Amino acid sequence: GADTAIDELAEARSEFNTIIKGLENGSMALGIPSAEKNRVVMKSLKTVREIWEPIDAAAETLVSNGAGKTRAAEIIASSNLKLLEATNILTSDVTGRYSDPSELTQADAMALNIAGRQPMLGHRIAKEVCGIVAGTQEGDPVAALGQSLDMYNVSLSALRDGMLEAGVNPPPNDVIRDELASVSDTWQQSRPILDAIRGGMQPSEENVEALAQVSDGLMTDMNNVVTLYMLSTPGQEDVYRVPLRAYAEQQLSKWLEDEGLIQAIREQNAAHAGLTQADIDQLDLDWRAQRKEASKPLIDKLLSLPASEWLRSQQADTANFVTEVFAMDNHGLNVAQSVETSDYWQGDEAKWKQTYGNGSGDIHISEVEYDDSTGSYQSQVSMPVKDPATGELIGAITFGINVQSLL
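Now for a description of the structure that goes with this document. Residue positions are counted from 1 within each chain, in the order its sequence is given. Side-chain atom pairs in this predicted model are given and counted only at pLDDT of 80 or more, local residue features only at pLDDT of at least 70, and totals for whole chains, interfaces and linings cover all residues. In computing side-chain values, all of the structure's heavy atoms are included and hydrogens and water are not.

Moving on, we come to the overall build of the chain. Strands here mean DSSP runs of E at least two residues long; helices mean DSSP runs of H or I at least four residues long; both are numbered from the N terminus. Helix and strand counts for the chain stand at 14 helices and 6 strands. Computation of the radius of gyration draws on C-alpha atoms alone. For the globule rule, the value is 2.2 Å times the number of residues to the power 0.38. Over its C-alpha trace the chain gives a radius of gyration of 24 Å, about what one expects of a compact globule, namely 22 Å for 407 residues. Projected onto its principal axes, the C-alpha coordinates of the chain cover approximately 75 × 50 × 45 Å. Relative accessibility thresholds used throughout: buried, under 20% of the residue-type maximum; exposed, over 50%; partly exposed, between the two (1.4 Å probe, protein chains only). Out of the 407 residues belonging to the chain, those deemed buried represent 41%. Note on definitions: a residue-residue contact is assigned when non-hydrogen atoms from the two residues lie within 4.5 Å. A separation threshold of at least 6 residues defines the contact pool for the chain, and within that pool the share at least 24 residues apart is 66%.

Spelled out as structure tokens, the structure:
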């Protein structure tokens, strides 16, 4: 899976750079209003930056297939845990500076801490297996793997069943309980191979690839557990709505000022002026049918428009905070979009009806739902689009937001 790994490395490198620059200097796309000024946080950022820069350069060498790939891999392997430790300290400093500790009970905080640690452990296990195969791990890599496996088992058991002696309550509701049961099932399927490696078996390339995929899946699932814990805190069920509305009003609203996007909506409104509801229904049926076909003329046309390309570039700058974005005309038909949507007509949905359709010009924020395409929980924030020349409502736009990132 080397080609896939290089693509993932390039994406991870870009995301890391986007986030650290945003933390240092502020980022409108990430909702960070200004450069960091707190002395403690700035010191932690500097430490992360110093460790990251040689890793960044090494990653670039690997991504570009440049000279010195072996040395580049060694730099990343030897600096990985140092970077992890530094980013954990940075996270603690940022949390201590900007969060309200009274929002969570001690038991909730303990469970969140454990749930947040699990993805790190999953990656550590995958890394240790890779080190055993490549012979690059120092010390006793098999013993290190055993320690990581024991820690993962104990932590997962504490989350799934509770561990009152450690201050961890059982899952607070059936949704979290079911999610943790799913994580446990996935974990148990990988245990035989991991236990065999722990017992001295030399892992194959197939073992390594399979375990890497399991690690990625467990990371996504555990991030979802964190989100569900946050949303299940008493009195915090709608905690995501306040920051999401603020983010929409202060940052996402700037996307609506792009002249290319405004012009695309104007032109489609003019082109669709004579459409009947029957025409709209047929276009939506055509779109849904094309999603299953190799030839997708209607879908490909929209995705290739300059306005769609601009939306994709804007979305990329948010480091996966925005998971999708699509603009709609005055009928509720898509005008431009960053990704392929399941349907073409949104005019029968709240995202269009409660922003443009009822003439209110309001912002609409959906409930949090699981999104199969991203594997995470997300909410959609929808806003009306106005013609800056006249102030008239001309359409609407919807942003999918990764709630895990928001919380």
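Once you've had a look at it, read on.
Let us look at the pattern of salt bridges. Salt-bridge detection follows one rule: a side-chain nitrogen of Lys or Arg within 4 Å of a carboxyl oxygen of Asp or Glu. Inspection of every chain in the model, using the stated rule, returns 17 salt bridges. Where R266 meets D387, a salt bridge forms, and the shortest distance between an N and an O atom there is 3.0 Å. Placement of R266 in helix α9 (residues 259-271) and of D387 in the loop between β5 (376-386) and β6 (393-402) is noted, with a sequence separation of 121 residues between them. When the shortest N-O distance is used, the salt bridge between K351 and E349 registers 2.3 Å.

Extensive coverage of β6 is indicated by the burial of 10 of its 10 residues. Paired strands are those between which DSSP finds at least two bridges. Bridge analysis of strand β1 (residues 322-328) against β6 gives 6 bridges, and the strand direction is antiparallel. Residue pairing for β6: V322 is matched across the bridge by I401. Direction of pairing for β5 relative to β6: antiparallel, over a ladder of 9 bridges. Along β6, the bridge assignment pairs P384 with A396. Counted along the chain from β5 to the antiparallel partner β6, the turn is 6 residues long, and its residue G391 has a positive phi close to 80 degrees.

Take the packing of helix α1 (residues 2-25) against helix α2 (residues 39-63) next. Under this scheme, a helix contributes an axis fitted over its contacting stretch, all axes are lines through C-alpha atoms, and angles between N-to-C directions fall in the 0 to 180 degree range. α2 packs onto α1 with a crossing angle of 155 degrees between their chain directions and a minimal axis gap of 10 Å. Looking at the two axes, α1 sits roughly antiparallel to α2. Crossing angle aside, the handedness with which α1 passes α2 is left-handed. Mapping the contact onto sequence places I6, L9, A10, R13, F16, N17, I20, K21, L23 and E24 in α1 and L45, V48, R49, W52, D56, A59, E60, L62 and V63 in α2. Orientation labels follow simple angle bins: below 35 degrees gives roughly parallel, above 145 gives roughly antiparallel, 65 to 115 gives roughly perpendicular, and whatever is left gives oblique. A clockwise turn of the near helix away from the far one marks a right-handed crossing, whereas an anticlockwise turn of less than a right angle marks a left-handed crossing.

Next up on the list: unusual backbone geometry. Most peptide bonds adopt trans geometry, and most residues besides glycine take a negative phi value. Notably, N65 is not glycine yet its phi reads approximately 55 degrees, a positive angle. Structurally, N65 is set in the loop between α2 and α3 (69-98). A residue is classified by how much of its surface remains accessible, and N65, at 53% relative accessible area, is exposed.

With that out of the way, let us pick up the side chain of K351. Here K351 is to be found in helix α13 (residues 350-357). By relative accessible area, K351 is classed as buried at 10%. Whenever a nitrogen or oxygen atom comes within 3.5 Å of another N or O atom, the pair is scored as a polar contact, on the condition that within protein one atom can donate a hydrogen and the other can accept it, and that pairs from neighbouring residues in sequence are kept only if both atoms are in side chains. At a separation of 2.3 Å, a polar atom in the side chain of K351 contacts the side chain of E349. Residues in contact with K351, not counting those within four places in the same chain, are F326, M328, Q346, H364, Q380, S382, A396 and T398.

So, about the packing of aromatic side chains. What counts as a ring pair is set by centres within 6.5 Å for rings of Phe, Tyr and Trp (its six-membered ring), and what kind of pair is set by the plane angle: stacked under 30 degrees, edge-to-face over 60, tilted for all other angles. Inspection of every chain in the model, using the stated rule, returns 8 aromatic pairs. Here the aromatic cluster, defined as three or more aromatic residues joined through ring pairs, consists of W255, W310 and F399.

We now examine a negative patch on the surface. Together, D3, D7, E8, E11 and D216 make up a region of like negative charge exposed at the surface. If one sorts the elements of the negative patch by residue count, α1 sits on top with 4 residues. Since its relative accessible area comes to 44%, E8 is described here as partly exposed. Patch definition: residues above 30% relative accessible area lacking any salt bridge, with like charges linked at up to 9 Å and the nonpolar side chains Val, Leu, Ile, Met, Phe, Trp and Tyr linked at up to 5 Å. Where accessible areas are quoted, they stem from the Shrake-Rupley method and a 1.4 Å probe; at the residue level, only the protein chains shown are allowed to cover. Under the counting rule used here, the positive set is Lys and Arg, the negative set is Asp and Glu, and His together with the chain ends is not counted. Charged side chains are reduced to one point each, which is NZ for Lys, CZ for Arg, CG for Asp and CD for Glu.

Counting through the fold element by element, N173 comes out in the loop between α5 (141-161) and α6 (174-198). Linking N173 and Y229, residues 56 residues apart in sequence, is a C-alpha distance of 9.2 Å.

What follows deals with the side chain of H364. Within the secondary structure layout, H364 lies in strand β3 (residues 364-365). Its relative accessible area of 17% is what places H364 among the buried residues. Discounting residues that sit within four places of it in the chain, H364 has contacts with A350, K351, Q354, T355, Q380, V381 and S382.

Moving on to the pairing of strand β2 (residues 334-337). As paired strands, β1 and β2 are joined by 3 bridges and run antiparallel to one another. Bridging from a neighbouring strand, A327 pairs with A336 of β2. Where β1 folds back onto β2 in an antiparallel hairpin, the turn is made up of 5 residues, including G332, whose phi is positive at roughly 95 degrees.

Of all the residues in helix α12 (residues 306-316), the buried ones are A307, S308, L311 and Q315. End-on view of α12: buried residues confined to an arc of 100 degrees, all on one side of the axis. Exposed residues lying more than 90 degrees from the buried face of α12 are P306 and A316. For α12, the elements touching its buried residues are α9, α11 (297-303), β1, β2 and β6. Within this analysis, the arc is defined by the directions that extend from the helix axis to the C-beta atoms.

Take the packing of α6 against helix α7 (residues 205-232) next. Their axes nearest at 10 Å, the elements α6 and α7 cross at an angle of 155 degrees. The angle between α6 and α7 falls in the class roughly antiparallel. Between α6 and α7 lies a crossing whose hand is left-handed. Along the contact surface, α6 presents V175, I176, E179, L180, V183, T186, W187, S190, I193, L194 and I197, while α7 presents N207, L211, V214, L218, D221, M222, N224, V225, L228, Y229 and S232. In this count, Pro and Cys sit with the nonpolar residues alongside Ala, Val, Leu, Ile, Met, Phe, Trp and Tyr, while Asp, Glu, Lys and Arg are called charged and the others, Gly among them, polar. For the contact of α6 with α7, the class distribution of residues is 15 nonpolar, 5 polar and 2 charged.

So, to be careful, I would describe these as geometric facts and stop short of saying anything about function.
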